[in-house]
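Overview (structure and organization)
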Amino acid sequence: MPFPPLRSFFVGASLLAILGLGGCGRSDDLTPDGRVIVHYWEKWSGFEADAVQAVIDDFNRSQNRIEVRLLSVNEVDTKLLLATASGHPPDIAGLWSENIPDFSEKGALTPLDGALQETRLGEDHYIPLFWNLCRHRGFTWGLPTTPGCVALFYNKKLFRAAGLDPDRPPKTLEELDEMARRLTLVELVRDGHTVRVSFSDLTPEERASRRYNIVQVGHLPQDAGMFVSAWGCWFGARYFDGDRKILAEDPGNLAAYRWLHDTAETYGVENLRNFVASFGVAQSAQSPFLGGIEAMVVQGPWMTNFIKQYAPGMEWGVAACPAAKGVGGGAPVTVAQTDVVVIPKGARHPREAFEFIRYLQRQDVAEKLARAQQKFTALREVSPGFLNGHPNPAIRLFLELARSPAARYVPRISIWHEYDAEMAVAAEKVLNLRLGPAPALAEVESRVQWRWDRVMRRWDAVGAERLAEWRKHDRW
Amino acid sequence: MTAGERQKLKAGLSFVSPWLLGFAIFTIYPVVASLYFSFCDYDVLTKPVWVGTLNYQDMISDRVFWQSVGNTIVFNLIALPLGLVSALALALLLNQPIRLRGAFRAIYYLPSLVPAVAGAMVWLWILNGRLGLLNRALFALGVAHPPQWLLDPAWTKPSLALVSLWGCGNTVVIYLAALQGVPRSLLEAAMIDGASAWDRLRHVTLPAISPVIYFNLLIGIIGGLQVFSSAFVMMGGGGPERSVLFYAIYIYQNAFEYRHMGYASAMAWILCLLILALTWLASRASRHLVHYQTD
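Criteria and cut-off values
- Residues numbered from 1 in each chain as written.
- Chains lettered and ligands numbered in written order.
- Predicted model: local features only at pLDDT ≥ 70, side-chain atom pairs only at ≥ 80, totals over all residues.
- Helix = DSSP H or I, 4+ residues; strand = E, 2+ residues; numbered from the N terminus.
- Buried ≥ 20, exposed ≤ 12 C-beta atoms within 10 Å, placed from the backbone.
- Contact = placed C-beta atoms within 7 Å.
- Nonpolar A, V, L, I, M, F, W, Y, C, P; charged D, E, K, R; others polar.
- Pairing = 2+ DSSP bridges.
- Axes fitted to C-alpha atoms, helices over the stretch in contact; angles between N-to-C directions.
- Expected span 1.5 Å × (residues − 1).
- Bend = angle between axes of the 7 residues up to and from the residue.
- Core = buried A, V, L, I, M, F, W, Y, C linked by C-beta atoms within 7 Å.
- pLDDT = per-residue confidence, 0-100.

Quick word on the overall build of chain A
Each helix and strand counted, chain A has 18 helices and 14 strands in total. Taken along the three principal axes of its C-alpha coordinates, chain A extends 90 × 65 × 50 Å. Relative to its full complement of 476 residues, chain A shows a buried share of 45%. The long-range fraction of contacts in chain A, counting pairs at least 24 apart against all pairs at least 6 apart in sequence, stands at 74%.

Rendered as structure tokens:
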């Protein structure tokens, strides 16, 4: 007996619907007791996710209208973009501040200005740098959760072994280089015997021959805490004129890349390559700093957690990373960014989402989260007990650096991700001595400018429409 | 067509309708949509804006695009002949009447069952310049300065070609099947005529399996131009100095990292045309080298 065609079609189509499309719908707006469910995607995992979960639990207990549900999401920026494009974003997402220009210009975020008018939150509430990082093209796109900035961590035991004062980290870039040479240990054959000596103790001939193996380094510029491209900040570089012009070839960047070039020249490309071959990612057991074979590294407050985890016996210190002469005008230089919470465009419960975001800005809540993650807050006010009882011994320094007038952030440009990738490729070419600093940065500038011109062409076509759309959110 | 045949056709089509529906939604639609997007400025989130052939014109002036084309070609020039010859050599060896032949065949086939990402992670450690098995072995053999396989831009492509050899088990199996189909009568006739083992290989075996070599060449070209996973897992965004930024990785970066979906779509269409052209070229070039039994 032939199978009835219509029935077989429906069976097939239903199977497909169940198997393929079943997960697309959302029927989880309310809890059984009538609370609005706010879905919150956050990049954190491990103890950082536990910290925000504790804050969420407090919020959920503090009222009976909203229930925030956390989902720890790897590569949250990419996934958020795809979820937003498909029309099913979460209500809140935890991004990085450098995502804001790109995501806002592409219409992926909801401006918060209208909502902020109903609160007392604003510029006065935050350290100016972090407030600025939440804004783009005159609108506020998110609010900070936990900020970060970088400083120079150093291994006191290695300082002592090299005859250096463990309580006196480098104060100038020249000192940093000098100490790095002293702290670098190499193995070579002298008079038929393999010896281990400091790089500073090599004869000019031995240095020139480069016939040695590096077994410990003082400092490696390529092992950078945030972006290799950000070294320009310590040399006073400008990256972008804020409008149409990319400034990769700025004298500050040129000086930074010359410094990278000099490092490769000093130690030799092959020797450095052989040394870094066994590296893993910076925040892992394979990190040369955590393994005790790199004396100084630029990292953020998060590094103290990794020291506790992977090198609990390490005797370490931390200080502002020295800048080039004249940069910062005497104030310490750092590069800062912040984790932010945003409301994606198309979120189903923006009001409830904002209520939780607002809760996160309360001083006691922000400080609870920051303390549990061993960071500081983006708020101007610091409660008296916050620093004294803080588990991160370096927290005062990081807070001071973030408030420094010479604190910097990477350019507020929607193609920063590409710009950074180009700068990283240029740094590799310079460190491999395949290209000089000037031609390498010229390549970056021409390529990023080429891309930026295309982005601006589109902005010129849709910018007015986009701004008008954003202004509608003033009436929250 | 009788009413009964029509009824059967309808029933048949209904049975395959879930697949047809899936094929239409998940294959035909994306293909057609990508052709449209390739003529648009499209970032996934906002409405696509028609820009004509601008994305195709941009490719001409994009030096990273040309670098990705160059990397892909160089990699294939190394990996493709190496893969074809090694797989054939292995198949010839595994076709010999040796002891434990079945076990050897299984051993050589096993790596192709390992997922690409897991394999890449293993190779990441084997090729580690300081701690890796390969360089440790080279040290032991007296090579004082073995290559930094994954850090030196000059060695990254050969390293990945080496990794690609690890998964040649599939090709070996296809060759083995073909070798078992070589007419024994021809081999025996050649032996009686005094042909050496090399002559028999060159004048009997290779012509007899030439359609399979041609098939593996085509599959190799198609797969080689789309090479992605091992390079992406082992060296992220293109490796040192973008030395292993292959075409497919650059498409991925544009589509999902930089969100230039229109440009990525245009690149994907160029890749499709390139594969078609190379396949056509390969079939033209090998016309006189491939012998079918019906010839």
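So, next bit.
Looking at the interface of chain A and chain B
In many reports, interface size means the accessible area that the parts give up when they come together. Listed by partner, the interface residues are 32 residues for chain A and 32 residues for chain B. Among the elements of the structure, helix H1 (5-21), helix H3 (76-85), helix H11 (269-276), helix H17 (416-431) and helix H18 (437-471) of chain A are those that each provide at least two residues to the side of chain A that touches chain B. The element best represented in the side of chain A that touches chain B is H1(A), accounting for eight residues. Of the residues belonging to the side of chain A that touches chain B, the class tally is 15 nonpolar, 10 polar and seven charged.

Brief notes about the sheet that holds strand S10 (residues 213-219) of chain A
All names here are of chain A. One open sheet accounts for six strands, arranged S9-S8-S10-S11-S7-S12; its pairing is mixed. At either end of the open sheet lies a strand with only one pairing partner, and these are strand S9 (193-198) and strand S12 (316-319). Adjacent strand axes in the sheet meet at a mean angle of 30° when their direction is disregarded. Strand direction decides the pairing type here: strand S8 (residues 185-190) and S9, joined by six bridges, are antiparallel. In the strand pairing of S9, Leu-185 is matched with Ser-198.

Comments concerning H18(A)
Because each turn of an α-helix spans 3.6 residues, side chains separated by three or four positions in sequence point in the same direction. Residues and elements named next belong to chain A. Over its 35 residues, H18 runs only 44 Å from end to end, short of the ideal 51 Å by more than 12%, given 1.5 Å per residue. The sharpest bend along H18 comes to roughly 55°, located at Val-462. Within the sequence span of H18, burial applies to Pro-437, Ala-440, Leu-441, Val-444, Arg-447, Val-448, Trp-452 and Trp-470. In this fold, the buried residues of H18 make contact with strand S5 (139-140), helix H10 (251-267) and H17.

Topic: the environment of Pro153(B)
By the element assignment, Pro153(B) lies in helix H7 (residues 153-166). For the pair Pro153(B) and Gly239(B), spaced 86 residues apart in sequence, the C-alpha separation works out to 7.7 Å. Residues within four places of Pro153(B) in sequence aside, it is in contact with Asn432(A), Pro240(B), Glu241(B) and Ser243(B).

A few points about the nonpolar core
Where a protein is soluble and globular, its nonpolar side chains tend to be buried together. With 123 residues, the main nonpolar core has Ile92(A), Ala151(A), Leu152(A), Trp234(A) and Ala402(A) as its most contacted residues. Of all the elements, H17(A) adds the most residues to this core, at nine residues. Apart from the residues lying within four places of it in its own chain, the contact partners of Ala151(A) are Val318(A), Ala319(A), Ala320(A), Cys321(A), Thr334(A), Leu397(A), Phe398(A) and Leu401(A). If you look at the next biggest cluster of nonpolar residues, it comprises 49 residues, including Ile214(A), Val276(A), Trp149(B) and Ala248(B).

Focus: the pairing of strand S6 (residues 143-149) of chain A
All names here are of chain A. Burial analysis of S6 places seven of its seven residues in the buried class, the great majority of the element. Both S6 and strand S13 (residues 334-342) contribute to a ladder of five bridges, which runs antiparallel. Looking at the pairing, Leu-143 lines up with Val-341 of S13.

With respect to unusual backbone geometry
Comment: phi is negative for the bulk of residues other than glycine, and the bulk of peptide bonds are trans. Residues and elements named next belong to chain B. Within the chain, Val-44 stands out as a residue other than glycine whose phi angle is a positive 80°. Summarising the element assignment, Val-44 is placed in the loop between strand S1 (40-41) and strand S2 (49-50). Non-glycine residue Glu-241 carries a positive phi angle of around 55°. Tracing the chain through its elements places Glu-241 in the loop between helix H12 (229-235) and helix H13 (247-257). Judged by the 21 C-beta atoms lying within 10 Å of it, Glu-241 is buried.

Looking at the environment of Arg471(A)
All names here are of chain A. On the secondary structure map, Arg-471 appears in helix H18. Arg-471 sits in the partly exposed class, given 14 other C-beta atoms within 10 Å. On a C-alpha basis, the gap between Arg-471 and Asp-167 in space is 53 Å, while along the polypeptide they are 304 residues apart.

As for the confidence of the model for chain B
One rule of thumb: low pLDDT means the predicted coordinates there are not for detailed reading. All names here are of chain B. Taken over all residues, the pLDDT of chain B has a mean of 91, while the share at 70 or more is 99%. Confidence scores differ between elements of chain B, with S2 showing the lowest mean pLDDT of 88 and helix H3 (residues 63-94) the highest of 95. Taken together, the chains of this predicted complex give a pTM of 0.86 and an interface ipTM of 0.81.

Digging into the environment of Ala83(A)
Of note, Ala83(A) is situated in helix H3. Every residue in contact with Ala83(A), bar those within four places of it in the chain, is listed here: His88(A), Pro89(A) and Pro90(A).

Points about the confidence of the model for chain A
Residues and elements named next belong to chain A. When the pLDDT values of chain A are averaged, the result is 90; 92% of them are 70 or greater. Taken together, the stretch residues 1-6 has pLDDT below 50 and engages in eight contacts with residues farther than four places along the chain or on a different chain. Scored below 50 in pLDDT, residues 8-25 shows 18 contacts in the model against residues more than four places distant or in partner chains.

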